[in-house]
Amino acid sequence: MNRFVTFYSLIILLFIVGCNSKNSPEVFDVRCESLQNPLGIDKTTPRFNWKISSEKNGTEQKAFQILVAAERSNLTENKADLWNSGKVESSASIFVPYQGQKLNSGTSAWWKVRIWDEAENVSAWSEPARFSVGFLDESDWQASYIAFNTDNGYRECPQLFQTFEVDETDSNYFLHVNSLGYHEVFLNGKKVGEGVLAPAVSQFDKRSLINTYDVSALLQKGKNELILWLGSGWYTEGLPGVANNGPVVRAQLEKVENNQREIILATDENWKGRKSSYTRHGNWRPNQFGGEIVDGVLAKNDLETDNPENPWQPVSLVDIPFHGAIPQMTEQNAVTETISPVSIEEIAPDTFLVDMGKNLTGWVEFHFPNLRKTQEIKLDYCDHLINGERFNDRNQWDKYIASGDSPETFINKFNYHGFRYIQITGLNEKPTDESIKAYLIHTDFEPAATFECSDPDLNAIHDMLFYTLQCLSLGGDFVDCPQIERLGYGGDGNASTLTAQIMFNLAPVYNNWLQAWADVIREDGGMPHTAPNPYRAGGGPYWCGFIITASWQTYMNYGDTLVLEKYYPVMQKWLGYVEKYTVDGLLKRWPDTDYRGWYLGDWATPEGIDQTDETSVDLVNNSFIAVCFDNMERIAGVLGKPEDADFYASKKKQLQEKVHETFFDETTNSYATGTQIDLAFPMIAGVVPEAKLQAVENSLYHEIEVNRKGHLATGLVGLPVLTEWVVENNKADLMYSMLKKRGYPGYLYMLDNGATTTWEHWNGARSHIHNCYNGIGSWFYQAIGGICQVENVPAYQKVRIQPQIPDGITWANTSQKTPFGKLVVNWNLDGEMLNLDIEIPVGVEAEVVIPASTNYYNVDGKEFEWVDMEEKRVGLKSGKYKVSYKL
């Protein structure tokens, strides 16, 4: 009898556990400072993020508990020695601050979290995650800056070497590397980490970055050998902050046990150095980024530490001017895709043209056939062929000098290229497809969105934008192009930030890039057009104001108030500079400087648009300053500065009125030159009085449909401006009709002419991998997908779902990974019925907008009647829903 009682008790227990498990939420994707398991963070009060999944609708987090311990084995409620938060009544799951024992530089910790929902169901603990604190003060360093200087200077890619011993390998061993120029680390013959082209970019006269590596698994008891392999990159003679004619590094290896630090090894005058098989050519300037030259003889023994033909020699201590050396807070660069050739054509007896099928930013690996000693193979790169035939030389080339001893392989290391085509010269036989690979490289951010609809043309445009952005972020910023300038232009960044932050998880990238912008502002408040700012570059106020608009957009996308707190004084300083050049209430042209040139309004407009017209330039720039004042009013509100908010609100209102008074033409109901940007920008900047809005909108339609025959006719600045206006005013049919134009100018014109990435100019001039025209990408998600943030509510905590459906599209599937989880909106038309499948992550609330003309709508099979003849908003909490209504 007892056996039967026990058996049935067990069955009941399993049933209860199973039911509870099904109802219990699950915690996943835990992050520290927006990074997964980061080593070497830049603060001692880290902030934690996590996401929650649940099988039932309406789940909400009501409480959480966090455990933090120095060792993973202590990560229990009874042993967590750094912090046990206890049960904290809170719905917060992003940027939750650490409140435990004091953390110090160089120490590490493990953490995990669990949550309770509205029904007091408790989740299991998350998977344990890890973080360590980087070096936060100059006093943390015992290492010295060293270099191996040769007559080759910055062209040399030297190796620095030292041996050391450890008596046990059970502890944590962290290597902190602060390189001026690129580095790779090899321990006992094996590469440390998977990153390439480290570190990310910084403004060297103000700041350098520290990378931290866990090398514990590569250590061996007794003797160990460490190689630091260096390349100059942006640390090239003649650029700001460069104090040595060649790359420089300091590194410190520490053993950490129970958060007690012990220095095992530090760079000093006892290290040794030697040249490697790699040298570089080019001086790291526009059109002169050059490439790499590899000596095949030296390459055979690059990692051999006992090579009498290439002996180790003394290194030099280098006196580096004081600057801020801080932990790198963005992901390292990584190889994210391997690409094979689509064709290889012989164009001369020893010359071959390789087509990789699409543009990319990255490296090439070439396994050569048998070569004779000293035979030179040259690889030239370009992003497009002139007139589809002639190689477009941009001084991007590599060279391999053969050893004559097979196998022989070339692969890039401390430089990269932007290219689709490779011209191989000096080879005696046609290479095979299998012998050549290309590697797409970018900052190792994650894709955060997907889009597909019933129109193949729209899918092709979207996919080109999505891929282009992956070719433009190599080093913790976004550049204009990888092959000509490689500069983090603020105008290009402003134009593409919303699109990029929708498509990818870029919180860490923007943390790094915004720091560079803060570092380049001048004492008088003047701002350059690029960050980092290695030399003079062109732009205008829209470029400089990136520090304001990108900070606000980053806060709105990710919810990090620290971004606003940190850079608010920089924003104010720049607006003070704007005030100096404000005449009679309007910003006018400021002087060129040694760090900044030009004074643009729009840029890269199609033929027939005069982007240099002074009235248009002044209108565009003052409309942008009005947007900056609006952002500042909102930022001051978030930061709890009501007086500042009132001040910027007043400045905004005064400027809006002045712009309208100065540039509006009553006879034509237009502004300035009446182009698309000159009509759209005043509307989104709040310049146009309510009574004039319809007339100005009519003028915009006339400009598009009559004067431009339905084509887009804006440049880099105008595209996101027009896109914002179209989304806000439900003009999906207008945008769709413009995107569907196959002639010049347009995206389909690019695609029909072989584009795989977007161009710098509508006519294909100059760069074919560029960040001019990517700002339109947000339209696919906000309009067709119907996913928009509720105004002033950050991190997608509240969203509006309202697909805008142009005639010709019958379905669309859209997803977006918010800081709380993936938001999905899939819709299809069935006759006059619109059917939506919606998935809302825990932590997000959505309102589905039902058209005013619809009296009935359906949610999960239940029909609801709405008698008011006005727009309806149906509130939904987390979960999966089916919503339908008649259009």
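Residues numbered from 1 in each chain as written. Predicted model: local features only at pLDDT ≥ 70, side-chain atom pairs only at ≥ 80, totals over all residues. Heavy atoms only, no water.

Draft legend 1. Seen up close, the overall build of the protein. The secondary structure content of the protein amounts to 16 helices and 50 strands. Since a compact globule built from 887 residues should have a radius of gyration of about 29 Å, the 29 Å found for the protein is in line with a globular shape. Expressed as lengths along the three principal axes of its C-alpha atoms, the size of the protein is roughly 90 × 90 × 55 Å. Within the protein, buried positions represent 61% of all 887 residues. (Helix = DSSP H or I, 4+ residues; strand = E, 2+ residues; numbered from the N terminus. Rg over C-alpha atoms; globule rule 2.2 N^0.38 Å. Buried < 20%, exposed > 50% of the residue type's maximum accessible area, 1.4 Å probe, protein only.)

Draft legend 2. Representation of the pattern of salt bridges within the structure. In the structure shown here, the tally under the stated rule is 47 salt bridges. Of the charged contacts, one joins Glu376 and Lys399 as a salt bridge, the two residues approaching to 3.4 Å between their closest N and O atoms. Residue Glu376 is located in strand β27 (residues 376-382), and its partner Lys399 is located in strand β30 (residues 397-401); the two are separated by 23 residues in the primary sequence. Judged by relative accessible area, which is 42%, Glu376 ranks as partly exposed. The closest approach of N and O atoms between Lys731 and Glu697, which form a salt bridge, is 3.0 Å. Of this pair, Lys731 sits in the loop between α13 (718-728) and α14 (732-739) while Glu697 is found in helix α12 (residues 693-707), placing the two residues 34 residues apart along the sequence. (Salt bridge = Lys/Arg side-chain N within 4 Å of Asp/Glu carboxyl O.)

Draft legend 3. Highlighting helix α5 (residues 507-520). In a regular helix each residue adds 1.5 Å, so 14 residues correspond to 20 Å; α5 covers 20 Å between its end C-alpha atoms and thus fits that length. Within α5, 13 of the 14 residues are buried, leaving the element largely enclosed by the surrounding structure. (Expected span 1.5 Å × (residues − 1).)

Draft legend 4. Spatial organisation of the packing of helix α7 (residues 546-558) against helix α8 (residues 561-580). For the pair α7 and α8, interaxial distance at closest approach is 9 Å and the crossing angle is 165 degrees. Compared by their axis directions, α7 and α8 come out roughly antiparallel. When you trace α7 past α8, the crossing you get is left-handed. Of α8, the residues touching α7 (which contributes Ile547, Ile548, Ser551, Trp552, Thr554 and Tyr555) are Thr561, Val563, Leu564, Tyr567, Val570, Met571, Trp574 and Leu575. A class-by-class count of the residues in the contact of α7 with α8 yields 11 nonpolar, 3 polar and no charged. (Axes fitted to C-alpha atoms, helices over the stretch in contact; angles between N-to-C directions. Parallel < 35°, antiparallel > 145°, perpendicular 65-115°, else oblique. Left-handed = near helix turned anticlockwise from the far one by under 90°. Contact = heavy atoms within 4.5 Å. Nonpolar A, V, L, I, M, F, W, Y, C, P; charged D, E, K, R; others polar.)

Draft legend 5. Region of interest: the side chain of Asn333. Among the structural elements, Asn333 can be located in strand β24 (residues 333-339). Overall, Asn333 belongs to the buried group, its relative accessible area being 4%. Among the polar contacts made by the side chain of Asn333, one reaches the main-chain amide nitrogen of Thr443 at a distance of 3.4 Å. If we ignore the near neighbours within four places in the chain, the residues touching Asn333 are Glu194, Gly195, Val196, Leu197, Ile441, His442, Thr443, Asp444, Leu474 and Gly475. (Polar contact = N/O pair within 3.5 Å; in protein donor to acceptor, adjacent residues only side chain to side chain.)

Draft legend 6. Expanded view of the sheet that holds strand β42 (residues 798-801). What the 4 strands build is an open sheet, ordered β41-β42-β46-β49; its pairing is mixed. Each edge of the open sheet is held by one strand with a lone partner, namely β41 (787-789) and β49 (872-876). Mean inter-strand twist for the sheet, computed between neighbouring axes without regard to direction, equals 30 degrees. Both β41 and β42 contribute to a ladder of 3 bridges, which runs antiparallel. Residue pairing in the sheet places Gln789 in a bridge with Val799 of β42. (Pairing = 2+ DSSP bridges.)

Draft legend 7. Here's a closer look at the sheet that holds strand β2 (residues 47-53). Spatially, the 3 strands line up as an open sheet ordered β1-β2-β6, and their pairing is antiparallel. Edge positions in the sheet fall to β1 (26-32) and β6 (96-97), since each has one partner strand and no second.

Draft legend 8. Focus on the pairing of β1. The buried count for β1 comes to 5 of 7 residues, which makes it a mostly enclosed element. Note: β1 against β2, 5 bridges, orientation antiparallel. Its bridge partner being in β2, Phe28 is matched across the sheet by Lys51.

Draft legend 9. Examining the state of the cysteines more closely. Under the defined criterion, the tally for this structure stands at 0 disulfides. Among the cysteines around Cys772, which has no disulfide bond, Cys481 carries the closest sulfur, lying 9.0 Å off. (Disulfide = S-S within 2.5 Å.)

Draft legend 10. A look at the nonpolar core. The biggest cluster of nonpolar side chains holds 208 residues, and the ones touching the most others in it are Ile422, Phe478, Trp574, Leu739, Tyr747 and Trp779. A per-element tally of this core places helix α9 (residues 614-638) first, with 11 residues. When sequence neighbours within four positions are dropped, the list of residues in contact with Trp574 reads Ile521, Gly525, Met527, Pro541, Cys544, Gly545, Ile548, Trp590, Phe624, Ile625 and Cys628. Membership of the second largest hydrophobic core comes to 26 residues, among which are Trp50, Phe64, Val96 and Val133. (Core = buried A, V, L, I, M, F, W, Y, C linked by side-chain atoms within 4.5 Å.)

Draft legend 11. Broad picture of the environment of Glu165. When you line up the elements, Glu165 lands in strand β10 (residues 159-166). Residue Glu165 is classed as exposed on the basis of its relative accessible area, which comes to 61%. Sequence separation between Glu165 and Asn412 is 247 residues, and the spatial gap between their C-alpha atoms is 32 Å. Not counting chain neighbours up to four residues away, the residues in contact with Glu165 comprise Gly222, Lys223 and Ile264.

Draft legend 12. Up close: the side chain of Arg486. Relative to the helices and strands, Arg486 is located in the loop between α3 (456-470) and α4 (490-503). Asp480 provides the closest opposite charge to the buried, salt-bridge-free Arg486, at an N-O distance of 8.4 Å. Beyond its immediate sequence surroundings of up to four residues, Arg486 is in contact with Trp234, Trp284, Phe289, Asn415, Tyr416, His417, Val479, Asp480 and Cys481. (Lys, Arg positive; Asp, Glu negative; His and termini not counted.)

Draft legend 13. Looking closely at the packing of α3 against α4. As a packed pair, α3 and α4 sit with axes 11 Å apart at the nearest point and diverge in direction by 90 degrees. Considering their axes alone, α3 and α4 lie roughly perpendicular with respect to each other. Across the interface between the two elements, His462, Leu465, Phe466 and Leu469 of α3 pack against Ser496, Thr499, Ala500 and Met503 of α4.

Draft legend 14. A look at the pairing of strand β44 (residues 821-830). By the bridge criterion, 8 bridges tie strand β43 (residues 811-818) to β44 in an arrangement that is antiparallel. Its bridge partner lying in β44, Ser815 is registered against Val824. In this structure, the hairpin formed by β43 and β44 is closed by a connection of 2 residues. Note that β44 and strand β45 (residues 833-840) share 7 bridges and pair antiparallel. Residue pairing across strands places Asp830 opposite Met833, the latter belonging to β45.

Draft legend 15. Highlighting α9. Its 25 residues give α9 an end-to-end C-alpha distance of 36 Å, which sits within 8% of 36 Å, the value for a rise of 1.5 Å per residue. Remark: Gly640 follows α9 within two positions and exhibits a positive phi of approximately 70 degrees.

Draft legend 16. How the structure looks around the packing of aromatic side chains. Applying the stated criterion across every chain, the model contains 45 aromatic pairs. Taking 6.0 Å as the distance between ring centres and 75 degrees as the angle between the ring planes, the aromatic pair formed by Tyr542 and Trp543 counts as edge-to-face. With a relative accessible area of 6%, Tyr542 lands in the buried category. Judged by relative accessible area, which is 2%, Trp543 ranks as buried. Here the aromatic cluster, defined as three or more aromatic residues joined through ring pairs, consists of Phe445, Phe466, Phe478, Phe504, Tyr510, Trp513, Trp517 and Phe546. Arg522 extends its terminal NZ or CZ atom over the ring of Tyr595, reaching a point 4.1 Å from the ring centre. (Phe/Tyr/Trp six-rings, centres within 6.5 Å; stacked < 30°, edge-to-face > 60°. Lys NZ or Arg CZ within 6 Å of the ring centre and 35° of its normal.)

Draft legend 17. Quick look at unusual backbone geometry. Of note, the bond from Ala198 into Pro199 is cis; its omega dihedral lies within 30 degrees of zero at 5 degrees. Relative to the helices and strands, Pro199 resides in the loop between β13 (190-191) and β14 (207-214). Between Ser406 and Pro407 the backbone carries a cis peptide bond, its omega angle lying at -5 degrees. Within the secondary structure, Pro407 sits in the loop between β30 and β31 (409-411). Notably, Thr374 is not glycine yet its phi reads approximately 70 degrees, a positive angle. Of note, Thr374 is situated in the loop between β26 (351-367) and β27. Taking the relative accessible area as the measure of exposure, Thr374 reaches 53% and is therefore exposed. Positive phi values are uncommon outside glycine, yet Ala672 reaches one of about 50 degrees.

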